[in-house]
Structure formats: structure tokens, C-alpha cells
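Examination of the molecular architecture
Each chain, letter by letter, is given below.
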Amino acid sequence: MLYRVEGIVIRSMDYGEGNKIVTIITDTHGKAGVLIRGAKKARSRHASLAQPFTYGEFVFFRGSGLGTLNSGEIIASHHALRENLELAAYASYAAELTDRSLQDDEAGGYLFRQLRAYLEALEEGKDPQIVTFLYEMKILEASGYGPVVDACVSCGAEDGPFRLSASAGGALCRRCFPRDPEALELAEGPWKLLRLFRRMDLTRLGHVQVKDETKAALKTAMRRLTDAHLGYHLKSRAFLDQMDKYSL
């Protein structure tokens, strides 16, 4: 069957002497693997379509397994993300997180739109940490693990103070603190942003300035949530941690 889809390359690997296999997340057909013949050759007209983070139109034939590219056209190359070490690291993390979160042929239109907005936000110079925290929230929501942050997840109380319990799936009020002795205490700033992340679509994110201590608290909160509910061990996240450690 012939498919014509808009897609974003979230994984690219060499195959044979001159070919590449790319994994794309599409607007209409979930995640798909596509063989691009000759993509490693210098004069290949499809070489750029095999680059990570490329957003384009892919036309490919596919039976029951891997597709084979027939033609394609770049819509946005996002080459600037590949040329900057920090942006490449963040984009790689988002791509790997998307790849692990979405099964083949699973409906992925929502994550496709969020990832497209994520890459555009990085290229526009928006704070990569804030953009990434928001994207992680969208991944949690799409996976069915969006945390409850507007009220106590246990009793429904709307009056704080609250602590964040990753294992319980959201906020715990003072009366319910004993349910999770390891629940994370957060200042009001991080709580406001977590609530904003739950309501906001990535396409609506503007340029925001957030204090370093608030970003550090948000990083701890999002790590607890993603580790508790997704549990992925991602090489790209380990590299981001190394960048933070050595301030690369």
C-alpha cells in the first residue's frame, strides 16, 4: 500500500552500505519505519530526509512491515538543532522519549503536533528546559499518567499546602501526607508552573523567564513523575545529565 504522510524523523540508523532506516512519527498513521535507499551517498536526493528531527512529507510503500521510501519533500529541516550541541541533546531526548512512548501504528497525531511544536520552540530560542518539562507533561498525559495538580489526588481537597507524590499520581494535601512520606515539597512557583503545564498546549507556549531554583525544582518533580510512570532508561537523558554536571 502507498502511504503519503507528514512525519518527523525520531530515529535514524545505517542499513547496509548506502541505506538508512528512519523511524518517523506521523500526523495520521502513528509511528512507522521507512527504508531510504542510498541515503548515505553524498549525491542522494533523499539524504536530508534521513536526518534526525527533519519534518517532511514521506511517500512510501509498505506491506506488513518496513516501508520503502518512494519520494519525499522537506517541510522543515531543523538543521540548526543538529548544529548546536545543547539543542541537539534536548531534541534527541524528546525524540527518544517519543519513540519509547509510542507503539508502531498507534494513533500519534497528538504527539506529532506536540513534537513539531517542541522542535520549533527550541529553534525559536525558547528556554529548552521549560520546553522539555512541558513536553514531558504531554508525554505523561498521552500515556495516561497526567498528574492531578489542582486538588489532592487522594481526597479531592482543594486547599493546600500540597506535596507532589509521584507514586500516588499527583498532589497530596496535608491530611494525606502520610500516604507518601517521600512526597516532594514544592514552593508555590513550581506548583503554578505544573498546573500551567497541565492546561497548556505546546503550540501556545511563549517566551518565559523562570528562576534557576524554580527550574531545578521542576526538574526534580518531572524526573519523579516520568521515572515512576514511564521508567525508561534513555541514553539521551544520561547525556543531558552529563551536560548539566559539567556545564557544557
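Preceding this paragraph is the structure being described.
Each value, and the rule that gives it
- Residues numbered from 1 in each chain as written.
- Predicted model: local features only at pLDDT ≥ 70, side-chain atom pairs only at ≥ 80, totals over all residues.
- Heavy atoms only, no water.
- Phe/Tyr/Trp six-rings, centres within 6.5 Å; stacked < 30°, edge-to-face > 60°.
- Helix = DSSP H or I, 4+ residues; strand = E, 2+ residues; numbered from the N terminus.
- Buried < 20%, exposed > 50% of the residue type's maximum accessible area, 1.4 Å probe, protein only.
- Lys NZ or Arg CZ within 6 Å of the ring centre and 35° of its normal.
- Axes fitted to C-alpha atoms, helices over the stretch in contact; angles between N-to-C directions.
- Parallel < 35°, antiparallel > 145°, perpendicular 65-115°, else oblique.
- Left-handed = near helix turned anticlockwise from the far one by under 90°.
- Contact = heavy atoms within 4.5 Å.
- Nonpolar A, V, L, I, M, F, W, Y, C, P; charged D, E, K, R; others polar.
- Core = buried A, V, L, I, M, F, W, Y, C linked by side-chain atoms within 4.5 Å.
- Polar contact = N/O pair within 3.5 Å; in protein donor to acceptor, adjacent residues only side chain to side chain.

Digging into the packing of aromatic side chains
For the structure on display, the rule yields four aromatic pairs. A centroid spacing of 5.2 Å and a plane angle of 45° characterise the contact between Tyr118 and Tyr135, whose relative ring orientation is tilted. Taken as a pair, Tyr118 in helix H3 (residues 109-123) and Tyr135 in helix H4 (residues 128-142) lie far apart in primary sequence, 17 residues in all. Judged by its relative accessible area of 0%, Tyr118 is buried. Over the face of the ring belonging to Tyr3 we find Arg62, whose NZ or CZ atom lies 5.0 Å from the ring centre.

Considering the packing of helix H6 (residues 212-229) against helix H7 (residues 235-246)
In contact at an axis separation of 14 Å, H6 and H7 are set at 160° when each is read in the N-to-C sense. One element, H6, and the other, H7, form an angle in the roughly antiparallel class. As for how H6 packs across H7, the hand of that crossing is left-handed. Contacts between H6 and H7 pair Lys219, Arg223, Thr226 and Asp227 from the former with Arg237, Asp241 and Asp244 from the latter.

Structural notes on the environment of Val149
Residue position: Val149 is located in the loop between H4 and strand E6 (162-165). For Val149, the residues in contact, after removing those within four places along its chain, are Ala171, Trp191, Leu194, Arg195 and Arg198.

Brief notes about the packing of H4 against helix H5 (residues 188-199)
One way to put it is that H4 packs onto H5 with a least axis distance of 9 Å and a crossing angle of 55°. With respect to H5, the axis of H4 lies oblique. Relative to H5, H4 is oriented so that their crossing is right-handed. Within the contact between the two elements, H4 uses Ile130, Phe133, Leu134, Met137, Lys138 and Glu141 and H5 uses Leu194, Phe197 and Arg198. A per-class count over the contact of H4 with H5 returns six nonpolar, no polar and three charged.

Side note on the nonpolar core
Side chains of a nonpolar character, in soluble globular proteins, are inclined to be buried together. Judged by nonpolar contacts, the single largest core of 62 residues is most densely connected at Leu115, Tyr118, Leu194 and Phe197. Residues in contact with Tyr118, not counting those within four places in the same chain, are Tyr90, Ala91, Ala94, Val131, Thr132, Tyr135 and Leu202. Core analysis: the second largest hydrophobic core is formed by 14 residues, Ile36, Ala39, Phe58 and Leu69 among them.

A short note on the side chain of His78
The topology assignment puts His78 in the loop between strand E5 (67-76) and helix H1 (79-83). Looking at His78, the relative accessible area reads 4%, which means it is buried. Of the polar contacts made by the side chain of His78, one reaches the side chain of Glu123; its length is 3.0 Å. Those residues in contact with His78 that sit more than four places away from it in its chain are Phe53, Tyr55, Leu119, Glu120 and Glu123.

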